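What the coordinates show
Spelled out, the chains give:
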Amino acid sequence: MIGDVPNVEAGQEFSTRRQAHEAGVHRPLQAGICGTKKTGAESIVVSGGYKDDEDYGDVIVYTGHGGQDGAGNQVSDQTLDDPGNAALVTSYLEGLPVRVLRGYQAGTPYAPASGYRYDGLYRVTNYGSKLGIDGRLIWQFRLEAYDDTPTPQATQQPELPNTTAESEPAAVTGNETPERVTSTVQRIVRSSAVKRQVKEWHDNRCQICDLRIEVPGGSYSEGAHIRALGAPHNGPDTTGNVLCLCPNCHVMLDAGAIVIEDDLTVIRGGQPAGTVRTDPRHTIDLECVRHHRERWRQ
């Protein structure tokens, strides 16, 4: 299950991983990542298993799975072929939430004093590879808490830089390590089951420009509603009202720079610019196409 688990709130504690398993928060009894490349990651455990992990409470830099010996040393390179790592890539590409469970072994100020604690939903905001502390290639995933996910209380006071009241004001030169602040403006791309179905049918290839964006571990596209959801447009959340698009074509469709004729001719700047590619499994709702075209008629 992706997302929240019924009857489990952020902050709930479990004495053992088996209790967390039985509650449905994190199903594996040993693995730190639960999920597959197809479904995305359901949950992760932050428990000090990888020395390159970083934990800032509402932000976690989480090291992927693989390449360790029994003593916790990184002895070989990690890859994105590992099922757990591939699952986190899918969570990033599809904008899917990931449940976070912290264990007492994590060795961070945000770890519980004992047992395990469910800390709510986080999203994967980026990922990449680097040479880890042990000199081997690792993959790391940055996870950020959703706005309504409470930040766990630190059991230790984080170290703060020394300051003095008498310090002379310094010239502004920028900041090589900028502090993290909460922003009130965010764009979170969440993918519904309907969007994911359409993207799967088209193998993440844009139906307008035919672009398929390849990234390490997968490919990326966006599900775009033709007739917008919600008032005043009230479009249906159905596969017929969704196109598989690249980010550029998605923005142009949403802003009216692209409209579509009933024969699926794409009109850009008042001129024909190709045809929407179709698939036998994907019937496009022409009523939604007409509504979108009327909305942007000039």
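Residues numbered from 1 in each chain as written. Predicted model: local features only at pLDDT ≥ 70, side-chain atom pairs only at ≥ 80, totals over all residues. Heavy atoms only, no water.

Looking at an unreviewed UniProt entry, one finds the protein named YDG/SRA domain-containing protein, with Streptomyces labedae as its source organism.

Next up on the list: the overall build of the protein. Each helix and strand in the protein was counted, giving five helices and 15 strands. Long-range contacts, defined as pairs at least 24 residues apart, comprise 60% of the intrachain contacts of the protein with a sequence gap of at least 6. As displayed, the protein offers around 16,300 Å² of accessible surface, 49% of which is attributable to carbon and sulfur atoms. (Helix = DSSP H or I, 4+ residues; strand = E, 2+ residues; numbered from the N terminus. Contact = heavy atoms within 4.5 Å. Areas by Shrake-Rupley, 256 points an atom, 1.4 Å probe, with all protein chains shown as cover.)

What follows covers the pattern of salt bridges. Applying the stated rule across the entire model yields 19 salt bridges. Taking the shortest distance from any N to any O, the salt bridge between Arg290 and Glu287 comes out at 2.7 Å. Linking Arg290 with Glu287, this pair stays in helix α5 (residues 286-295), spanning three residues, or about one helical turn. What makes Glu287 exposed here is its relative accessible area of 52%. The structure contains a network of salt bridges with shared partners spanning Glu261, Asp262, Glu287, Arg290 and Arg293. (Salt bridge = Lys/Arg side-chain N within 4 Å of Asp/Glu carboxyl O. Buried < 20%, exposed > 50% of the residue type's maximum accessible area, 1.4 Å probe, protein only.)

Right, let's get into the state of the cysteines. What the rule picks out here adds up to zero disulfides. With no disulfide of its own, Cys249 has Cys246 as its nearest cysteine by sulfur position, at a separation of 3.7 Å. (Disulfide = S-S within 2.5 Å.)

Moving on, we get to the nonpolar core. Grouped together as the largest cluster of nonpolar side chains are 23 residues, with contacts concentrated most on Ile44, Val46, Ile60, Tyr62, Leu88, Phe141 and Leu143. Elements with a contribution of two residues or more to this core: β3 (40-46), β5 (59-63), α2 (83-94), β6 (97-103), β7 (116-131) and β8 (137-145). Leu143 has contacts with Ile44, Asp58, Val59, Ile60, Tyr62, Val98, Tyr122, Arg123 and Val124, leaving out every residue within four places of it along the chain. Counting 17 residues, the second largest nonpolar core, distinct from the first, contains Ile226, Cys249, Ile260 and Leu264. (Core = buried A, V, L, I, M, F, W, Y, C linked by side-chain atoms within 4.5 Å.)

We now examine the sheet that holds strand β13 (residues 258-260). Spatially, β13-β14-β15 is the arrangement adopted by the three strands of the open sheet, whose pairing is antiparallel. Unpaired on one side and paired on the other, β13 and β15 (271-275) mark the two borders of the sheet. Ignoring which end each strand starts from, the neighbouring axes of this sheet average 35 degrees apart. Direction of pairing for β13 relative to strand β14 (residues 265-268): antiparallel, over a ladder of three bridges. If you follow Val259 over to β14, its bridge partner there is Ile267. (Pairing = 2+ DSSP bridges. Axes fitted to C-alpha atoms, helices over the stretch in contact; angles between N-to-C directions.)

The next subject is α5. Residues Cys288, Val289, His292 and Arg293 constitute the buried set of α5. For α5, the buried positions fall inside an angular range of 135 degrees around the axis, keeping them on one side. On its buried side, α5 packs onto α4 (247-254) and β13. For α5, the side-chain oxygen to backbone nitrogen distance between the N-cap and Glu287 is 3.0 Å, and the N-cap itself is Asp285. (Arc of directions from axis to C-beta. Polar contact = N/O pair within 3.5 Å; in protein donor to acceptor, adjacent residues only side chain to side chain.)

Turning next to a negative patch on the surface. Taken together, Asp4, Glu9, Asp147 and Asp148 make up a surface patch of like negative charges. Looking at where Glu9 falls in the secondary structure, it is placed in the segment before β1 (13-14). Exposure remark for Glu9: the relative accessible area of 58% places this residue in the exposed category. (Patch = residues over 30% accessible without salt bridge, like charges linked within 9 Å, V, L, I, M, F, W, Y side chains within 5 Å. Lys, Arg positive; Asp, Glu negative; His and termini not counted. Charge placed at Lys NZ, Arg CZ, Asp CG, Glu CD.)

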